[in-house]
Amino acid sequence: MNAKTADPTAPDQGRIVLLTTSHRVAPGLLSWPAWQALRTADRVLCADGAHPQLPYLREAGIRVDEAAPTAEELVEACAGGRTAVVVATGEGDPALADGLARLAGSGRVRMPELELLPASYDLPGARLLDLVQVMDRIRLECPWSSQRTHKGLAKYAIEEAYELVEAIEDGDRDELREELGDVLLQVVFHARIAEEDPDAPFSVDDVAGTIVDKLVHRHPHVFGDERADTPEEVRAHWLRTKAAEKQRTSVTEGVPLGQPGLALAAKLHSRVRTAHLDVPLPSGEDIGYELLALAARAETEGTDPEAALRAAARTYRDAIRAVEG
């Protein structure tokens, strides 16, 4: 029978609260509704005696029974209006949940009120903690990964970056998600290796802290009092703060010479144009000078010459396959 037609003389069947927590949040940092449920419960149970929350619950004066009751036993424990709180294990106690679902679906048992109460939950970015932990274990236990160095991994960073660009150009969302993960792995892997440096160690937290500080400093229109209403004004803020940070003597400083030639030419031309320098393009008989001029023209027109050439090359590839077919 439903709540509107329930027999007021029927005994109260009590309440079962399944309390879930995230292992990515420090133990003991629980929501206020969770603490209320724990403090007012007639019985608190947990099947995992090594659950990280147990020491903090007991320190707060909450008695926790290390037990794994069946669904029937738990329903019986709530008879008479009692409340039982089950602190879920990392796996979520699926056997208990399935048992309660079967009892509720049978229609033969008067069920207590069932509540799923998240005591702590993941914030955005929480899975990054899992990646750090997995990388740490791989570094310690994998014969291949434990021997890698920054230099030995450098080529993979380049390869993964190219694969990411290809996924973007293909418009494949699943591939994009996977390739972003592969690029992220390179960052975490290098940061893990850096922890072992005897002279200047740093961790992934140091890497994240550095980029956070840089982003905040270079966005005074977001985190400070300056104002920027257009992308051009944002870029001006960025360049101004970057110049103050780096204190470079040449606009060419910081331009990696190892990048693809068209990208390198476009980047140099962008630096010259942004700095309003009058530097004529060099001329020569070699075809490289013609490519330099084309790259500079593309950059002036707002076109990425590398992306444009890749697009043309893909069209060429399709034409080759069509002839072959």
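Look a little higher up for the structure.
An account of the accompanying structure is given in this report. (Residues numbered from 1 in each chain as written. Predicted model: local features only at pLDDT ≥ 70, side-chain atom pairs only at ≥ 80, totals over all residues. Heavy atoms only, no water.)

**Here's the deal with the packing of aromatic side chains**
Here is step 1 of the chain: Using the criterion set out here, one finds one aromatic pair in the structure.
Here is step 2 of the chain: When the ring of Trp-144 is compared with that of Tyr-156, the centres are 6.2 Å apart and the planes differ by 75°; the resulting orientation is edge-to-face. Residue Trp-144 is located in the loop between α5 (127-141) and α6 (150-170), and its partner Tyr-156 is located in helix α6; the two are separated by 12 residues in the primary sequence.
Here is step 3 of the chain: Positioned over the ring face of Trp-144 is Arg-148, at 4.4 Å from the centre of the ring. (Phe/Tyr/Trp six-rings, centres within 6.5 Å; stacked < 30°, edge-to-face > 60°. Helix = DSSP H or I, 4+ residues; strand = E, 2+ residues; numbered from the N terminus. Lys NZ or Arg CZ within 6 Å of the ring centre and 35° of its normal.)

**Observations regarding the pairing of strand β1 (residues 15-20)**
Here is step 1 of the chain: Pairing of β1 with strand β4 (residues 83-87) involves five bridges; the strand directions are parallel. When the bridges of β4 are listed, Leu-19 appears paired with Val-87.
Here is step 2 of the chain: Two strands pair when backbone bridges link them, and β1 and strand β5 (residues 113-118) are joined in this way by six bridges, in the parallel orientation. Across the sheet, the residue bridging to Leu-19 is Leu-117, located in β5. (Pairing = 2+ DSSP bridges.)

**Observations concerning a nonpolar patch on the surface**
Here is step 1 of the chain: A surface patch of nonpolar side chains, amounting to about 510 Å² of accessible area, comprises Ile-211, Val-212, Leu-215, Val-216, Val-222 and Phe-223.
Here is step 2 of the chain: Elements supplying a minimum of two residues to the nonpolar patch: α8 (204-217) and α9 (220-223).
Here is step 3 of the chain: Ranked by residue count, the leading element in the nonpolar patch is α8, at four residues.
Here is step 4 of the chain: Locating Val-216 in the fold gives a position in helix α8.
Here is step 5 of the chain: Val-216 gets classed as partly exposed once you look at its relative accessible area, which sits at 36%. (Patch = residues over 30% accessible without salt bridge, like charges linked within 9 Å, V, L, I, M, F, W, Y side chains within 5 Å. Areas by Shrake-Rupley, 256 points an atom, 1.4 Å probe, with all protein chains shown as cover. Salt bridge = Lys/Arg side-chain N within 4 Å of Asp/Glu carboxyl O. Buried < 20%, exposed > 50% of the residue type's maximum accessible area, 1.4 Å probe, protein only.)

**With respect to the side chain of Glu-160**
Here is step 1 of the chain: By secondary structure assignment, the location of Glu-160 is in helix α6.
Here is step 2 of the chain: Nearest to the buried, unbridged Glu-160 among oppositely charged side chains is Lys-155, at 11 Å.
Here is step 3 of the chain: Ignoring any residue separated from it by four or fewer positions in sequence, one finds Glu-160 in contact with Glu-179, Asp-182, Val-183 and Gln-186. (Lys, Arg positive; Asp, Glu negative; His and termini not counted. Contact = heavy atoms within 4.5 Å.)

**Some points on the pattern of salt bridges**
Here is step 1 of the chain: Tallied over the entire structure, the rule returns 20 salt bridges.
Here is step 2 of the chain: The partner of Asp-130 in a salt bridge is Arg-127, with the nearest N and O atoms 2.7 Å apart. In this pair, Asp-130 and Arg-127 are both assigned in helix α5, three residues apart and thus about one turn of the helix distant.
Here is step 3 of the chain: Since its relative accessible area comes to 58%, Arg-127 is described here as exposed.
Here is step 4 of the chain: A salt bridge links Glu-196 to Arg-139, with the shortest nitrogen-to-oxygen separation between them at 2.8 Å. Of this pair, Glu-196 sits in the loop between α7 (173-194) and α8 while Arg-139 sits in helix α5, and the two are 57 residues apart along the sequence.
Here is step 5 of the chain: Residue class for Glu-196 comes out partly exposed when judged on its relative accessible area of 42%.
Here is step 6 of the chain: Taken together, the shared-partner salt bridges connect Glu-169, Asp-170, Glu-306, Arg-310 and Arg-314 into one network.

**Here we look at a negative patch on the surface**
Here is step 1 of the chain: Taken together, Glu-159, Glu-163, Glu-166, Asp-172, Glu-175 and Glu-178 make up a surface patch of like negative charges.
Here is step 2 of the chain: Breaking the negative patch down by element, the ones donating at least two residues are α6 and α7.
Here is step 3 of the chain: Top element by residues in the negative patch is α6. It accounts for three residues.
Here is step 4 of the chain: Position of Glu-166 relative to the elements: it lies in helix α6.
Here is step 5 of the chain: For Glu-166, a relative accessible area of 41% corresponds to the partly exposed category. (Charge placed at Lys NZ, Arg CZ, Asp CG, Glu CD.)

**Considering the environment of Leu-57**
Here is step 1 of the chain: Structurally, the position occupied by Leu-57 is in helix α2 (residues 54-59).
Here is step 2 of the chain: Along the chain, Leu-57 and Arg-39 lie 18 residues apart, while their C-alpha atoms are 9.7 Å from each other.
Here is step 3 of the chain: In contact with Leu-57, other than residues within four places in its own chain, are Leu-30, Trp-35, Leu-38, Ile-62, Val-64 and Val-87.

Limitation: the analysis is restricted to geometry and does not speak to function.
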